Amino acid sequence: MAAHEADAGGRVTITEIARQAGVSVPTVSRVVNGRSDVSPETRARVEDLLRRHGYRKRPNASTSRAVLLDLVFNDLGSPWAVEIIRGVEEAAHAAGAGTVVSAIHGRSGDAREWTRNLRARASDGVILVTSAMNTLHEELQILGVPLVVVDPAGFPAADVPTIGAANWSGGMAATEHLLALGHRRIGLIAGPSRLLCARARLDGYRAALEGAGITLDASLIVPGDFRPEAGFAGCNALLDLPEPPTAVFAASDQMALGAIEALRGRGLRVPEDMSVVGFDDLPEVRWSAPPLTTVRQPLADMGKLAVRTVLRLTRGEQPDSPRVELGTDLVVRASTAAPAERG
């Protein structure tokens, strides 16, 4: 078999099955999805090839089995993911749907394994969270499985509904809050540049500074990855500057908590010596020391809306809007104050 006839995992592709059956790829897709508009002879020929190569025909939509949804993360090791799961589970339970939660970690082998499992359990819809779609979208199209993306990593295809939060206005609100307190040197611990949400928060920070007539100082922006360790390292880098900032906006709550630990390690107090703002409003930040000022994004609501949207797609309906951004709100707590006088 030629190399182009199989995917990276060695499995024969749908395109090759169509070639062997002497039909088009859409015809194979109709057989996979249990459609009736295929002749019995063609259906038998395609189904035989599908069985031989490990593909499983999806049940007909008219069956009475419960709807099954796949919820897929790039990484599950964050309280942020738990909040998304909470919203998805609540909405799915209310709709009588089941959910399967998994992580693919951005590795091609994990993605191939997940795709095989998806075909085996004949899932009805997929919610993909902060993951690049790449070949997953193509595979789901072939299988006729509807897809909704929460916080897309990159720009999604026009036919894929997305759900996110107002990250730009949230980043702007966090920075404007610090400006209103009198801070003029505000550090930013940014999120991963590959994520649209992180770039939007950075742009909101820039817009707030520009609106206040403050020239952007690139040395005050340090990279991060939304994890506490990045907040710890980023805050230490800002503290090592010849003129450290008087406040820090961390693009996630987890990084904000890491930043507070870095300040504590240097004998500095929050907010007396430096103010800190986060982004997410995870449950634990209400109990941090001090309680964290942050931008609330409605993570559970994003999960609920994703379920409602993908269920509409499974019924052949279209969402009211293909691009949805839920609002964010600044939550002021005890980690921010006016800058201290410096001698």
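Because the structure is predicted, anything quoted here is derived from the model rather than measured. (Residues numbered from 1 in each chain as written. Predicted model: local features only at pLDDT ≥ 70, side-chain atom pairs only at ≥ 80, totals over all residues. Heavy atoms only, no water.)

Student: So what exactly am I meant to see when it comes to the side chain of Arg201 here?
Tutor: If you trace the backbone, Arg201 turns up in helix H8 (residues 196-211). For the buried Arg201, which has no salt bridge, the nearest side chain bearing the opposite charge is Asp280, at an N-O separation of 4.3 Å. Those residues in contact with Arg201, other than ones at most four positions away along the chain, are Asn167, Gly171, Phe226, Phe249, Ala251, Phe279, Asp280 and Gln297. (Helix = DSSP H or I, 4+ residues; strand = E, 2+ residues; numbered from the N terminus. Buried < 20%, exposed > 50% of the residue type's maximum accessible area, 1.4 Å probe, protein only. Lys, Arg positive; Asp, Glu negative; His and termini not counted. Salt bridge = Lys/Arg side-chain N within 4 Å of Asp/Glu carboxyl O. Contact = heavy atoms within 4.5 Å.)

Student: It is not clear to me how the sheet that holds strand E5 (residues 162-165) should be interpreted in this structure. Could you clarify?
Tutor: Strand pairing in a sheet is mediated by backbone hydrogen bonds. Such pairs are either parallel or antiparallel. Strand order in the open sheet made by the 6 strands is E2-E1-E3-E4-E5-E11, with parallel pairing throughout. With one partner strand each, in any of the chains shown, strand E2 (98-103) and strand E11 (323-326) form the two edges of the open sheet. When strand polarity is set aside, the average angle formed by the axes of neighbouring strands in this sheet is 20°. Lying over the sheet, helix H4 (residues 79-94) contacts strand E1 (68-73), E2, strand E3 (125-129) and strand E4 (147-150), oriented at roughly 170° with respect to E1. (Pairing = 2+ DSSP bridges. Axes fitted to C-alpha atoms, helices over the stretch in contact; angles between N-to-C directions.)

Student: Can you walk me through the packing of H4 against helix H11 (residues 299-314) in this structure?
Tutor: Relative placement of two packed helices is described by the angle separating their axes and the distance separating the axes. At a closest axis distance of 7 Å, the pairing of H4 and H11 adopts a crossing angle of 40°. As the angle between them shows, H4 and H11 are arranged oblique. Considering the relative orientation of H4 and H11, their crossing is right-handed. Residues Trp80, Glu83, Ile84, Arg86, Gly87, Val88, Glu90, Ala91 and Ala92 of H4 touch H11, and the partners they reach there are Leu299, Ala300, Met302, Gly303, Lys304 and Val307. Counted by class, the contact of H4 with H11 contains 9 nonpolar, 2 polar and 4 charged residues. (Parallel < 35°, antiparallel > 145°, perpendicular 65-115°, else oblique. Left-handed = near helix turned anticlockwise from the far one by under 90°. Nonpolar A, V, L, I, M, F, W, Y, C, P; charged D, E, K, R; others polar.)

Student: Any chance you could explain the confidence of the model for the chain here in plain terms?
Tutor: Low pLDDT means the predicted atomic positions in that stretch should not be read closely. Per-residue confidence for the chain averages 87 on the pLDDT scale, and 87% of its residues sit at or above 70. Segment residues 1-5: pLDDT under 50, and 6 contacts once partners within four positions in sequence are set aside and those in other chains are kept. (pLDDT = per-residue confidence, 0-100.)

Student: When you look at the pattern of salt bridges in this model, what are you seeing that I'm missing?
Tutor: Between side chains of opposite charge, a pair can form as their charged atoms come close. Under the counting rule described, the total for this entry stands at 18 salt bridges. The partner of Arg264 in a salt bridge is Glu261, and the shortest N-O contact between them spans 2.7 Å. On the criterion of helical spacing, the pair formed by Arg264 and Glu261 is a turn pair, its members being 3 residues apart in helix H10 (residues 253-265). Residue class for Arg264 comes out partly exposed when judged on its relative accessible area of 43%. Here the salt bridges share partners, and the residues they tie into one network are Arg312, Arg315, Glu317 and Asp320.

Student: Please clarify how the packing of aromatic side chains should be interpreted in this entry.
Tutor: Here the distance between the centres and the angle between the planes together describe a pair of aromatic rings. Per the stated rule, a full pass over the model turns up 0 aromatic pairs. The lysine or arginine in question, Arg201, covers the ring of Phe279, its NZ or CZ lying 3.9 Å from the ring centre. (Phe/Tyr/Trp six-rings, centres within 6.5 Å; stacked < 30°, edge-to-face > 60°. Lys NZ or Arg CZ within 6 Å of the ring centre and 35° of its normal.)

Student: Please clarify how the sheet that holds strand E8 (residues 247-250) should be interpreted in this entry.
Tutor: Spatially, E7-E6-E8-E9-E10-E12 is the arrangement adopted by the 6 strands of the open sheet, whose pairing is mixed. Looking at the sheet topology across the chains shown, the edges are occupied by strand E7 (221-222) and strand E12 (329-331). Both strand E9 (residues 275-280) and strand E10 (residues 293-296) contribute to a ladder of 4 bridges, which runs parallel. When the sheet's bridge partners are listed, Gly278 is paired in E10 with Thr294. Running at roughly 170° to strand E6 (residues 186-189), H8 makes contact with E6, E7, E8 and E9 of the sheet. Contacts from H10 reach E6, E8, E9 and E10 within the one sheet, and its direction differs from that of E9 by about 160°.

Student: Honestly, the pairing of E5 in this entry has me stumped. Any pointers?
Tutor: Both faces of the sheet carry side chains from a regular strand, because those side chains alternate between them. Covered by surrounding structure in E5 are Thr162 and Gly164 together with Ile163 and Ala165, the residues of both alternating faces. Pairing analysis gives 2 bridges linking E4 to E5, with the strands arranged parallel. Bridge pairing in E5 places Val149 opposite Thr162. Strand direction decides the pairing type here: E5 and E11, joined by 4 bridges, are parallel. Bridge assignment links Ile163 to a residue of E11, and that residue is Val324.

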